[in-house]
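# Survey of secondary and tertiary structure
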Amino acid sequence: MAEGSLRGAYKTFRTIPTRWMDNDIYGHMNNVVHYSLFDTAVNGWLIEQGVLDLKSGDQIGLVVETGCRYFGEIAFPDVVHAGLRVAKLGTSSVRYEVGLFRNDELTAAAEGFFVHVYVDRETRRPKLLNDRLRTTLETIAS
């Protein structure tokens, strides 16, 4: 079985505790939860950086593609450290990559990606990344 990346491959981290409800009948975190953690990590980081305004921002990111590879199990009560990086920065799109690290493990238990296409909130048509968003994303570009 392949191994995930090491922590050093990621530019920034967010800590997310698992919940009892995250486990499935097999006693580990259900795979749908991995995708929720990816979304939580990226959007939480964007909000903290002040570049995602959920209520009144004129530009929003729509997910158009996702994927995940699993390397190890995560289960409640583990703490997940989600590593973030931007793998590709386009004119109106971004490919985020997220590594999920279980507790203090150095190798990712899962690695995923998703692509946001940034659009106008009202028209839902692609919109060039604004300068502030682009500059912020460049700080975690690999």
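Report follows, based on the coordinates. In this text the structure is predicted, and so the values were computed from the model without any measurement.

### Describing the sheet that holds strand 4 (residues 93-102)
The sheet built from 5 strands is open, its strands ordered 1-3-4-5-2 with antiparallel pairing. Strand pairing shows two members of the sheet lacking a second neighbour, strand 1 (12-17) and strand 2 (59-70), which therefore form its edges. For this sheet the average axis-to-axis angle between neighbouring strands, irrespective of direction, equals 25 degrees. Pairing of strand 2 with strand 5 (residues 110-120) involves 11 bridges; the strand directions are antiparallel.

### A look at the layout of surface pockets
Here the largest pocket is characterised by a volume of approximately 220 Å³. Lining the largest pocket are 19 residues, with V51, L52, D53, Q59 and Y118 sitting closest to its centre. Going through the elements one at a time, helix 1 (31-48), strand 2, strand 5 and helix 2 (131-138) are the ones with two or more residues in the lining of the largest pocket. A per-element tally of the lining of the largest pocket places strand 2 first, with 4 residues. Within the lining of the largest pocket, the residues separate by chemical class into 8 nonpolar, 7 polar and 4 charged.

### Brief notes about the environment of N31
Secondary-structure assignment places N31 in helix 1. With 88 residues separating them in the primary sequence, N31 and V119 have C-alpha atoms 28 Å apart.

### Regarding helix 1
Along its 18 residues, helix 1 runs 26 Å from first to last C-alpha, staying within 8% of the 26 Å computed at 1.5 Å per residue. For helix 1, the set of buried residues is V33, H34, L37, F38, A41, V42, N43, G44, W45 and L46. On its buried face, helix 1 sits against strand 1, strand 2, strand 3 (79-89), strand 4, strand 5 and helix 2. The backbone nitrogen of V32 lies 3.0 Å from a side-chain oxygen of the residue at the head of helix 1, namely N30. With its phi angle positive at about 80 degrees, G50 sits one or two positions after the end of helix 1.

### What about the nonpolar core?
Core analysis: the biggest nonpolar cluster contains 29 residues, and L46, Y96, L100 and L137 have the highest contact counts within it. When contributions to this core are tallied by element, the ones reaching two or more residues are helix 1, strand 3, strand 4, strand 5 and helix 2. For this core, the element with the highest residue contribution is helix 1, accounting for 7 residues. The residues contacting Y96, other than those within four sequence positions of it, are V42, L46, R85, V86, G112, F113, F114, H116, Y118 and L137.

What counts, and at which threshold
- Throughout, residues of each chain are indexed from 1 in the direction in which the sequence is written.
- In keeping with the predicted nature of the model, local features appear solely for residues at pLDDT of at least 70, side-chain atom pairs appear and are counted solely at 80 or more, and the whole-chain, interface and lining totals rest on all residues.
- Side-chain numbers here rest on the full set of heavy atoms in the structure, without hydrogens or water.
- For two strands to be treated as a pair, DSSP must find no fewer than two bridges joining them.
- Segments assigned H or I by DSSP are reported as helices when at least four residues long, segments assigned E as strands when at least two residues long, and all are numbered from the N terminus.
- The axes used here are C-alpha line fits, helices contributing only the stretch in contact, and every angle between their N-to-C directions lies in the interval 0 to 180 degrees.
- A 1.4 Å probe that fits but cannot get out identifies a cavity on a 1 Å grid over protein atoms alone, an open set with protein on both sides within 12 Å along at least five of seven lines counts as a pocket, and a residue lines either if it has an atom within 4 Å of a point.
- Grid points are joined across faces, edges and corners, and a volume is the space filled by probe spheres set on the points.
- Residue type decides the class: Asp, Glu, Lys and Arg count as charged, Ala, Val, Leu, Ile, Met, Phe, Trp, Tyr, Cys and Pro as nonpolar, and the leftover types, Gly among them, as polar.
- A helix is expected to reach a length of 1.5 Å times the quantity of its residues less one.
- Buried residues are those whose accessible area, probed at 1.4 Å on protein chains only, stays under 20% of the maximum for their type, while exposed residues exceed 50% and partly exposed ones sit between those limits.
- Here, residues are in contact when the closest pair of their heavy atoms is within 4.5 Å.
- Within 3.5 Å is the distance limit for a polar contact, defined as a pair of N or O atoms, with the added protein rule that one can donate a hydrogen and the other accept it, and that residues adjacent in sequence qualify only through two side-chain atoms.
- Nine residue types can take part in a nonpolar core, namely buried Ala, Val, Leu, Ile, Met, Phe, Trp, Tyr and Cys, and a core is a set of them joined through side-chain atoms within 4.5 Å.

None of this, on its own, says anything about what the molecule does.
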